[in-house]
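Each chain, letter by letter, is given below.
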Amino acid sequence: MPPQRRNIISCGTCRRLRTRCEKLPGLNVCRRCDRLRIECNFPDLRLSLGEARASCELSTDSQVQVRPEAPSEVQQRLSAIEVNLAEIKGLLASSSRPPKPSSERVLEESRISSIASSESTTNGGEVEEFSKTAPISVIRNLGRIITGTSPDASMNEGLADCVSVGLVSESLCLTIFKGLQSLPLKRYGLDFDPWEMRYRSPLLFGTSVLTGLYTIQSLCNSELHVGLFEHVEGLATKAILRTPLPLESIRAFMMLSTWDLVPAKLDRYIDSWLMSGMGLMHGLLTIDFPRSIVPPDGKRGMTMRAWNLLCLTHLEFSVGTGRPPVLGPEHLENHETSLGDSWDKILNAQTQLFTTLFAFIVAKSKPYSEMFEYSDIERWRTNNKSLIESDDSLSLLFAYSCAQLILYRHLLKVLTGSLQVSELPEKIQARTDSLIELALYHSLKIMNLYLTIVASDVVVTPAFNSLMCTNAAVTVVEFKQRVKDARETSTLIRTLHSSIENIGRPNKAMGWAASVMDRVAMEAREL
């Protein structure tokens, strides 16, 4: 059998790129052009060699097009492929050669930066600068360019919204969203138009409806509430496996981890540490931080506010559960220079507070002997004195008392271990008595502040706040013999329990604490 003859004439595209051209048997298309789905033009073999080359180079749209893509798109994709191949070549070469002198290194970094900038412009993707030249990122971007897939295609949820599936009517959604307008939307992470999210992000739309449902008390814990939550839960489960995740879905993760939106009928809860952690990891893949920080307006400001709320929630539950944050401090750090109004400053201050508290308790960055000085937390209070004394300081005061209660209870555990207070040495017992008094003081303050906040504008409570109120009530019960006014304290815990139930989330531990203090108050009255 005679050997297969190689093409004497290459197509126009392969000739321009100086690559090998293999014509497919029986077709007027080469293997490379067919794989890349681009136009392939072979010259007429009846022409002379010079005329054939001219025909390839001067081919126009009047010839047969194998693929419908425009020449400009083809050239753009080919250029992008060449850029990515250059990056791969540079990465492989850099791993096998010694470090360059400082002057050469500056020139090399400048070259890589320009390549990364070109690649970002070609693909339109939003990724952090440091990840653009990472090997896996380069390979995935190259594959996306070859297949012609838009980076935004994977970010489209493609799911049905709660109105389309018949869970809730449009008129009820409008009523719910109207009720949301009376709330401090920034604090709820709702500084956007929820109705615009119906087709753009069914997950965020459903989460917004679920949050707004609490403005209509008759619908809390209803069948509609249960069905809507299960619908949102299903959308969130599907979204977890999508990368990159749209910013709208990350915002929904923030709302689901921050607010206690589970109907009481279901008798379960959302693990806010896990949910906020997944939101943060997806955020690293989606958010372009350098572009979002400056200038801090419009969509950029909304994006960074959602990120900061997510960071705060994750730090709160890291401290509250004793689990480590899923990201390092360099990623959890708030971008405090990006947003400037009073609420954003309070949000930044709260994040700094819980970062400090985490370093004390979970990370154990200091010996226990130094922890008794409380210097870092008191320094935080001094640095944020103006915010604490402002009119919008209730949430900051609440956070400060929560941090103090967590710290004092931790120190009590360190001091006493498994011993009773009466069994401790005299010196340690005196310090323990002081810590108990401080823990009781901040427990009562937490409960009073919570009632004040709820009375002002809250229709759905943050999950962390509810848990800390319960922790405060349990602390009071634990040291009930030291409570000065049992009757007043019993009334306070009972009022707090009723307030949480009115919001729609009964708390069994809080109910137990209220019953115990009722008995203590009754015994004190009989005496």
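Residues numbered from 1 in each chain as written. Predicted model: local features only at pLDDT ≥ 70, side-chain atom pairs only at ≥ 80, totals over all residues. Heavy atoms only, no water.

1. Looking at the overall build of the protein
When helices and strands are counted, the protein shows 25 helices and 0 strands. The buried share of the protein, taken over its 527 residues, is 48%. Contacts in the protein between residues far apart in sequence, at least 24 positions, make up 71% of those at least 6 positions apart. Approximately 26,900 Å² of the protein is accessible, and the part contributed by carbon and sulfur atoms is 55%. (Helix = DSSP H or I, 4+ residues; strand = E, 2+ residues; numbered from the N terminus. Buried < 20%, exposed > 50% of the residue type's maximum accessible area, 1.4 Å probe, protein only. Contact = heavy atoms within 4.5 Å. Areas by Shrake-Rupley, 256 points an atom, 1.4 Å probe, with all protein chains shown as cover.)

2. Some remarks on the nonpolar core
Counting 118 residues, the largest nonpolar core has Trp307, Phe354, Leu357 and Ile493 as the members making the most contacts within it. With 14 residues, helix H21 (residues 394-416) is the largest single contributor of residues to this core. Counting residues in hydrophobic clusters, the runner-up holds 10 residues, among them Cys30, Ile38, Cys40 and Phe42. (Core = buried A, V, L, I, M, F, W, Y, C linked by side-chain atoms within 4.5 Å.)

3. Thoughts on the environment of Thr258
Tracing the backbone shows Thr258 in helix H12 (residues 247-258). For Thr258, a relative accessible area of 11% gives the class buried. With 15 residues separating them along the chain, Thr258 and Trp273 place their C-alpha atoms 9.5 Å apart. Leaving out residues up to four positions away in the same chain, Thr258 has contacts with Thr313, Pro462 and Ala463.

4. Describing unusual backbone geometry
Even without a glycine there, the phi angle at Asn221 is positive, about 65°. Mapped onto the elements of the fold, Asn221 is located in the loop between helix H10 (202-212) and helix H11 (223-240). At Asp267, a residue that is not glycine, the phi angle is positive and equals roughly 50°. Examined against the element boundaries, Asp267 turns out to sit in the loop between H12 and helix H13 (272-286).

5. Brief notes about the confidence of the model for the protein
Here the protein shows a mean pLDDT of 75. Residues at 70 or above account for 66%. Per-residue pLDDT, averaged within each element of the protein, yields its smallest value for helix H5 (residues 102-123) (41) and its largest for helix H23 (residues 463-478) (93). Below pLDDT 50 for its whole length, residues 55-71 participates in 25 contacts with residues either more than four positions away or in separate chains. Long-range and interchain partners of residues 95-130, a stretch whose pLDDT sits below 50, account for 34 contacts in this model, where long-range means more than four residues apart. (pLDDT = per-residue confidence, 0-100.)

6. Quick notes on the pattern of salt bridges
All told, the structure shown has 12 salt bridges when counted by the stated rule. A salt bridge links Glu22 to Arg20, with the nearest nitrogen and oxygen atoms 3.4 Å apart. With its nearest N and O atoms 2.8 Å apart, the salt bridge here joins Asp344 to Arg305. Within this pair, whereas Asp344 is found in helix H17 (residues 342-361), its partner Arg305 is found in helix H15 (residues 298-321), the two being separated by 39 residues in sequence. Residue class for Asp344 comes out buried when judged on its relative accessible area of 3%. (Salt bridge = Lys/Arg side-chain N within 4 Å of Asp/Glu carboxyl O.)

7. Structural notes on the side chain of Thr211
Checked against the element boundaries, Thr211 lands in helix H10. A distance of 2.9 Å separates the side chain of Thr211 from the backbone oxygen of Thr207, its partner in a polar contact. (Polar contact = N/O pair within 3.5 Å; in protein donor to acceptor, adjacent residues only side chain to side chain.)

8. A look at the packing of H21 against H23
Geometry of a packed helix pair, given as the angle between the helix axes and the separation of the axes. Where H21 meets H23, the axes come as close as 11 Å, and the angle between the chain directions of the two elements is 50°. Considering their axes alone, H21 and H23 lie oblique with respect to each other. Handedness of the H21/H23 crossing: left-handed. Contacts between H21 and H23 involve Phe398, Cys402, Leu405, Ile406 and Arg409 from the first element and Phe464, Asn465, Met468, Cys469, Asn471, Ala472, Thr475 and Glu478 from the second. (Axes fitted to C-alpha atoms, helices over the stretch in contact; angles between N-to-C directions. Parallel < 35°, antiparallel > 145°, perpendicular 65-115°, else oblique. Left-handed = near helix turned anticlockwise from the far one by under 90°.)

9. Some details on H11
For the α-helix, the turn length of 3.6 residues means that residues three or four positions removed from each other point alike. Between its first and last C-alpha, H11 extends 26 Å over 18 residues, near the 26 Å set by a 1.5 Å rise per residue. Taken together, the buried positions of H11 are Leu224, His225, Val226, Leu228, Phe229, His231, Val232, Leu235, Ala236 and Ala239. Next to the buried residues of H11 lie helix H7 (170-180), H10, H12 and H13. (Expected span 1.5 Å × (residues − 1).)

10. Focus: the packing of aromatic side chains
A ring pair, where both rings are aromatic, is described by two values, the distance of the centres and the angle of the planes. For the structure shown, the criterion picks out 7 aromatic pairs. Plain terms: the ring middles of Phe317 and Phe464 are 5.8 Å apart, the flat faces sit at 70° to each other, and that makes the pair edge-to-face. Of this pair, Phe317 sits in helix H15 while Phe464 is found in helix H23, placing the two residues 147 residues apart along the sequence. Here Phe317 falls in the buried class, since its relative accessible area comes to 7%. Overall, Phe464 belongs to the buried group, its relative accessible area being 4%. Measuring from centroid to centroid gives 6.4 Å for Phe398 and Tyr450, while their planes differ by 45°, and the two rings are tilted. In this pair, Phe398 is assigned in helix H21 and Tyr450 in helix H22 (residues 426-456), connecting sequence segments 52 residues apart. Here a set of aromatic residues connected by ring pairs shows up, and it is made of Phe177, Trp195 and Phe205. A cation over a ring is seen here: Lys23 above Phe42, with NZ or CZ 5.2 Å from the ring centre. (Phe/Tyr/Trp six-rings, centres within 6.5 Å; stacked < 30°, edge-to-face > 60°. Lys NZ or Arg CZ within 6 Å of the ring centre and 35° of its normal.)

11. Concerning H7
Among all positions in H7, only Cys173, Ile176, Phe177 and Leu180 are buried. All buried residues of H7 fall inside an arc of 95° around its axis, so they share one side. In H7, the exposed positions that point more than 90 degrees away from the buried face belong to Ser171 and Lys178. (Arc of directions from axis to C-beta.)

12. So, the environment of Pro263
Here Pro263 lies in the loop between H12 and H13. For Pro263, a relative accessible area of 0% corresponds to the buried category. For the pair Pro263 and Val226, spaced 37 residues apart in sequence, the C-alpha separation works out to 6.0 Å.

13. Considerations on the packing of H17 against H21
For the pair H17 and H21, the least separation of the axes is 10 Å and the interaxial angle reads 5°. In terms of orientation, H17 and H21 fall into the roughly parallel class. Judged by residue contacts, Trp343, Ile346, Ala349, Gln350, Leu353, Phe354, Leu357, Phe360 and Ile361 of H17 engage Ser395, Leu396, Ala399, Tyr400, Ala403, Ile406, Leu407 and His410 from H21. Residues of the contact of H17 with H21, tallied by class, amount to 14 nonpolar, 3 polar and no charged. (Nonpolar A, V, L, I, M, F, W, Y, C, P; charged D, E, K, R; others polar.)

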